[in-house]
Amino acid sequence: ICRENAHMLKRTKLFCIMDEADTLAILKEIIISKNLDPKQLEPKKVKGIISRMKGDDVSASDLKQRANSYVEEQVADIWEKYEEALIKENGVDFDDLLVWPVKLIEKDAGLQKKYQEQFKYIHIDEYQDTNALQYKLGKLLTSDTRNICVVGDSDQNIYSWRGANLRNILNFERDFPGARVVVLEENFRSTKTILAVANDIISKNTVRKDKVLFTKNHDGDQVGLYNAYNEVDEARFIANTARELIGNGIDPNEIAVLYRANFQSRVLEEAFLAENVPYQVLGTKFFERKRLK
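Just so it is clear, the structure is predicted and the values come from calculations on it, not from any experiment. (Residues numbered from 1 in each chain as written. Predicted model: local features only at pLDDT ≥ 70, side-chain atom pairs only at ≥ 80, totals over all residues. Heavy atoms only, no water.)

With respect to helix 11 (residues 231-247)
Item 1. The terminal C-alpha atoms of helix 11, which comprises 17 residues, lie 24 Å apart, in line with the 24 Å expected from a rise of 1.5 Å per residue.
Item 2. Residues of helix 11 that are buried: Asp233, Ala235, Ala239, Asn240 and Ala242.
Item 3. On the buried face of helix 11, the contacting elements are helix 12 (265-274).
Item 4. With a side-chain oxygen positioned 3.1 Å from the backbone nitrogen of valine 232, the residue opening helix 11 is asparagine 230.
Item 5. Of the residues flanking the end of helix 11, it is glycine 249, one or two places downstream, whose phi is positive at about 95 degrees. (Helix = DSSP H or I, 4+ residues; strand = E, 2+ residues; numbered from the N terminus. Expected span 1.5 Å × (residues − 1). Buried < 20%, exposed > 50% of the residue type's maximum accessible area, 1.4 Å probe, protein only. Contact = heavy atoms within 4.5 Å. Polar contact = N/O pair within 3.5 Å; in protein donor to acceptor, adjacent residues only side chain to side chain.)

Pasting the structure below:
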């Protein structure tokens, strides 16, 4: 949509998409040109604010009018100069790839009609993690046809810090009257015990759509909870538990350790090495990574 209408964005069709390094370099240059200290007003922080505002469908002029702090006033001014720099560089940033289609279609009924006919059926996955712009784009493209299908789970909303609005999925039936709701409650992966724990914990949420997950699987083992002092204590407990399970005849292939981020493998590997428990890492082992070797 952006490329087809590049002239309306004051760009050519061959505009470039700025990556994070490009964006930060431009912002740093602007901050310095304003005689501000980039260590005090960090380009990364400024970029984060601009990105969040764009996702919330807020423009630089909007921010300028409603700014209620020194930082917001400075960011609004930097943002305006940043947009000028993007035009000069014939570029857009990643957020613009959402900002511009919404602006273009919103302003031009002919364009809206064109893209509604081009994209006859809209399917949006992880709808609970959509922001204001994504929500608006979905509505603009389906306002006539109502051919929209979304998949999501209000209990799995984890990107609110990035602008995701849980209300988008909670209000879906109100926004699209007559929509058919299919609730997928049967779980094929977990045991009954795990689902019972999950259902009990998530039922405490006050803003959600009620559902009760169930499974035809067996009850499974009880869930254990260990309150570790720190990551080293946690890793030691995991390695000890694995060693005890293997000593009791459990097949090592039946034991898995799940962790959120790659950097966490280091302390776990150290613990398994200390306990002399053989292990495999999906991916490259921490101590075999090229930069460490």
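A closer look at helix 12
Item 1. Along helix 12, the residues that are buried comprise Ser265, Val267, Leu268, Glu269, Ala271 and Phe272.
Item 2. Where the residues of helix 12 are buried, they touch helix 11.
Item 3. Just downstream of helix 12 lies asparagine 276, where phi reads positive at about 55 degrees.

Considerations on the packing of aromatic side chains
Item 1. Summed over the entire model, instances satisfying the criterion amount to five aromatic pairs.
Item 2. With a centroid separation of 6.1 Å and 10 degrees between ring planes, the pair formed by tyrosine 115 and phenylalanine 119 is classed as stacked.
Item 3. Taking the relative accessible area as the measure of exposure, tyrosine 115 reaches 1% and is therefore buried.
Item 4. Consider the rings of tyrosine 127 and phenylalanine 172, whose centres lie 5.7 Å apart with planes at 80 degrees: the pair is edge-to-face. Of this pair, tyrosine 127 sits in the loop between strand 3 (122-124) and helix 7 (132-142) while phenylalanine 172 sits in helix 9 (residues 172-175), and the two are 45 residues apart along the sequence. As far as burial versus exposure is concerned, tyrosine 127 and phenylalanine 172 are alike and both buried.
Item 5. Counting every residue linked through ring pairs, the aromatic cluster contains Tyr127, Phe172 and Phe176. (Phe/Tyr/Trp six-rings, centres within 6.5 Å; stacked < 30°, edge-to-face > 60°.)

Let's talk about the nonpolar core
Item 1. Of all hydrophobic cores here, the largest spans 26 residues; its most connected members are Ile105, Tyr127, Leu141 and Ile148.
Item 2. Counting only elements with at least two residues in this core, the list comes to helix 5 (96-107), helix 6 (109-118), strand 3, helix 7 and helix 8 (167-170).
Item 3. Among residues more than four places away in sequence, those in contact with leucine 141 are Ile105, Tyr115, Gln116, Phe119 and Ile122.
Item 4. Counting 20 residues, the second-largest nonpolar core is a separate cluster that includes Ile30, Val75, Ala76 and Trp79. (Core = buried A, V, L, I, M, F, W, Y, C linked by side-chain atoms within 4.5 Å.)

Brief notes about the confidence of the model for the chain
Item 1. Overall, the predicted model of the chain reaches an average pLDDT of 92, with 98% of residues at or above 70.
Item 2. For the chain, the element scoring lowest by mean pLDDT is helix 3 (residues 60-66), at 91; strand 4 (residues 148-150) scores highest, at 97. (pLDDT = per-residue confidence, 0-100.)

Let's talk about the packing of helix 6 against helix 7
Item 1. Direction vectors running N to C along helix 6 and helix 7 enclose 85 degrees, while the axes themselves pass 8 Å from each other. By the angle class used here, helix 6 and helix 7 are roughly perpendicular. Residues Gln112, Tyr115 and Gln116 of helix 6 pack against Leu140, Leu141 and Thr142 of helix 7.
Item 2. Looking at the contact of helix 6 with helix 7 residue by residue, the class counts come to three nonpolar, three polar and no charged. (Axes fitted to C-alpha atoms, helices over the stretch in contact; angles between N-to-C directions. Parallel < 35°, antiparallel > 145°, perpendicular 65-115°, else oblique. Nonpolar A, V, L, I, M, F, W, Y, C, P; charged D, E, K, R; others polar.)

A look at the pattern of salt bridges
Item 1. One pass over the structure, following the stated rule, counts 22 salt bridges.
Item 2. Linking arginine 52 and aspartate 56 is a salt bridge whose minimum nitrogen-to-oxygen distance equals 3.5 Å.
Item 3. Among the ionic contacts, a cluster of salt bridges with common partners joins Lys34, Lys64, Asp77, Glu80 and Lys81. (Salt bridge = Lys/Arg side-chain N within 4 Å of Asp/Glu carboxyl O.)

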